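Per-entry structural report
Now for the letters of each chain:
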Amino acid sequence: MKVSYHGHSVVKIETNDFTILIDPFLTGNPQTDLKPDEVKADAILLTHGHGDHVGDTVAIAKQNDALVVATAELAAFLGWQGVKTHSMHIGGSREFDFGMVKLTQAFHGSAYIDEQTKTITYTGMPAGILFTAEGKTIYHAGDTALFSDMKLIGSRHSIDVAFLPIGDNFTMGPEDAALAAQWLGAKIVVPMHYNTFPPIQQDPHHFVEMLQGSVGKVLQPGEAIEL
């Protein structure tokens, strides 16, 4: 399995037979190396409905006939746009042909904000994602504050790679994310959701230095980990 990071919160997982994208915010993302019209995906997993996470989901899903997995409200919202979806919710898990998906809680918001019409559409609760395939488990925390049930997630799941937001302002900052990493006990911890916009400027290398042992790894856009 190959797991690659593509700026902000964009993660790509490549198994022997499938390619899965998480939160494919590409258009307008100055940190990414991916182009929406060139991306291949069999499935797209979404943590919540904010534009910097849903991103290019509709276009990518349609051009690849990809399944979009999201919380029920967000799945309905995207389904109305002609996207093939599967709805889930917090605490639920589902075995797909491409792997097992389980949604965890996350403490954040979730809505589609239309700046032109000045409307906000509620898209359900935000989530984190536990993805398991080929004997490996990846945890994508989504946008979240630190919460103590991360200890429970870590105790119940053997996590190979955890992607944690460190940007502060909208999510955990580096100090809280370092504590989250300790509670989760992942073998590898990768920082995400930083330096895309001025309010979330952070030094990812400083975050890695805060972690116990040598679990931290800063990935540049396009860089991958082989599991």
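Our subject in this report is the structure included herewith. (Residues numbered from 1 in each chain as written. Predicted model: local features only at pLDDT ≥ 70, side-chain atom pairs only at ≥ 80, totals over all residues. Heavy atoms only, no water.)

**Re the packing of aromatic side chains**
For the structure on display, the rule yields six aromatic pairs. With a centroid separation of 6.4 Å and an interplanar angle of 35°, the aromatic rings of F25 and F197 are classed as tilted. In this pair, F25 sits in the loop between β3 (19-22) and β4 (43-45) while F197 sits in the loop between β14 (188-192) and α6 (204-210), placing the two residues 172 residues apart along the sequence. The exposure class of F25 is buried, given its relative accessible area of 7%. Geometrically, the ring pair formed by F98 and F131 is stacked, given 6.4 Å between the ring centres and 15° between the ring planes. Of this pair, F98 sits in the loop between β7 (93-96) and β8 (99-105) while F131 is found in strand β11 (residues 127-133), placing the two residues 33 residues apart along the sequence. Judged by relative accessible area, which is 0%, F131 ranks as buried. Ring pairs connect the aromatic residues F96, F98 and F131, which therefore count as one cluster. (Phe/Tyr/Trp six-rings, centres within 6.5 Å; stacked < 30°, edge-to-face > 60°. Helix = DSSP H or I, 4+ residues; strand = E, 2+ residues; numbered from the N terminus. Buried < 20%, exposed > 50% of the residue type's maximum accessible area, 1.4 Å probe, protein only.)

**Points about the sheet that holds strand β13 (residues 161-165)**
One open sheet accounts for six strands, arranged β7-β8-β11-β12-β13-β14; its pairing is mixed. The open sheet has two edge strands, β7 and β14, and neither has a second partner. Averaged over all pairs of adjacent strands, the angle between their axes in this sheet comes to 15°, without regard to strand direction. The pairing of strand β12 (residues 136-140) with β13 spans three bridges and is classified as parallel. Across the sheet, the residue bridging to H140 is F163, located in β13. Docked against the sheet, helix α5 (residues 174-184) engages β12, β13 and β14, running at close to 155° with respect to β13. (Pairing = 2+ DSSP bridges. Axes fitted to C-alpha atoms, helices over the stretch in contact; angles between N-to-C directions. Contact = heavy atoms within 4.5 Å.)

**What to know about the nonpolar core**
By size, the foremost hydrophobic cluster in this structure holds 51 residues, and its most contacted members are F98, V101, F131, Y139, F163 and L164. Other than its neighbours up to four places away in sequence, L164 contacts Y139, A141, M172, A177, A180, A181, L184, V189, V190, P191 and M192. Of all hydrophobic cores here, the second largest spans 20 residues; its members include A41, L46, A70 and A75. (Core = buried A, V, L, I, M, F, W, Y, C linked by side-chain atoms within 4.5 Å.)

**What about the environment of S148?**
As for its position among the elements, S148 is in the loop between β12 and α4 (150-156). The spatial distance from the C-alpha of S148 to the C-alpha of A43 is 30 Å, given a sequence separation of 105 residues.

**Observations regarding a negative patch on the surface**
Taken together, D17, D42, D97 and E134 make up a surface patch of like negative charges. Examined against the element boundaries, D97 turns out to sit in the loop between β7 and β8. The exposed category is assigned to D97, whose relative accessible area is 61%. (Patch = residues over 30% accessible without salt bridge, like charges linked within 9 Å, V, L, I, M, F, W, Y side chains within 5 Å. Areas by Shrake-Rupley, 256 points an atom, 1.4 Å probe, with all protein chains shown as cover. Salt bridge = Lys/Arg side-chain N within 4 Å of Asp/Glu carboxyl O. Lys, Arg positive; Asp, Glu negative; His and termini not counted. Charge placed at Lys NZ, Arg CZ, Asp CG, Glu CD.)

**Some points on the sheet that holds strand β5 (residues 67-71)**
Taken in spatial order, the seven strands of this open sheet run β6-β5-β4-β3-β2-β1-β15, and their pairing is mixed. Here the strands that pair on one side only, and so sit at the sheet edges, are β6 (85-88) and β15 (224-226). When the angles between neighbouring strand axes are averaged without regard to direction, this sheet yields 20°. In the sheet, β3 pairs with β4 via three bridges, with the strands oriented parallel. Bridged to I22 within β4 is L45.

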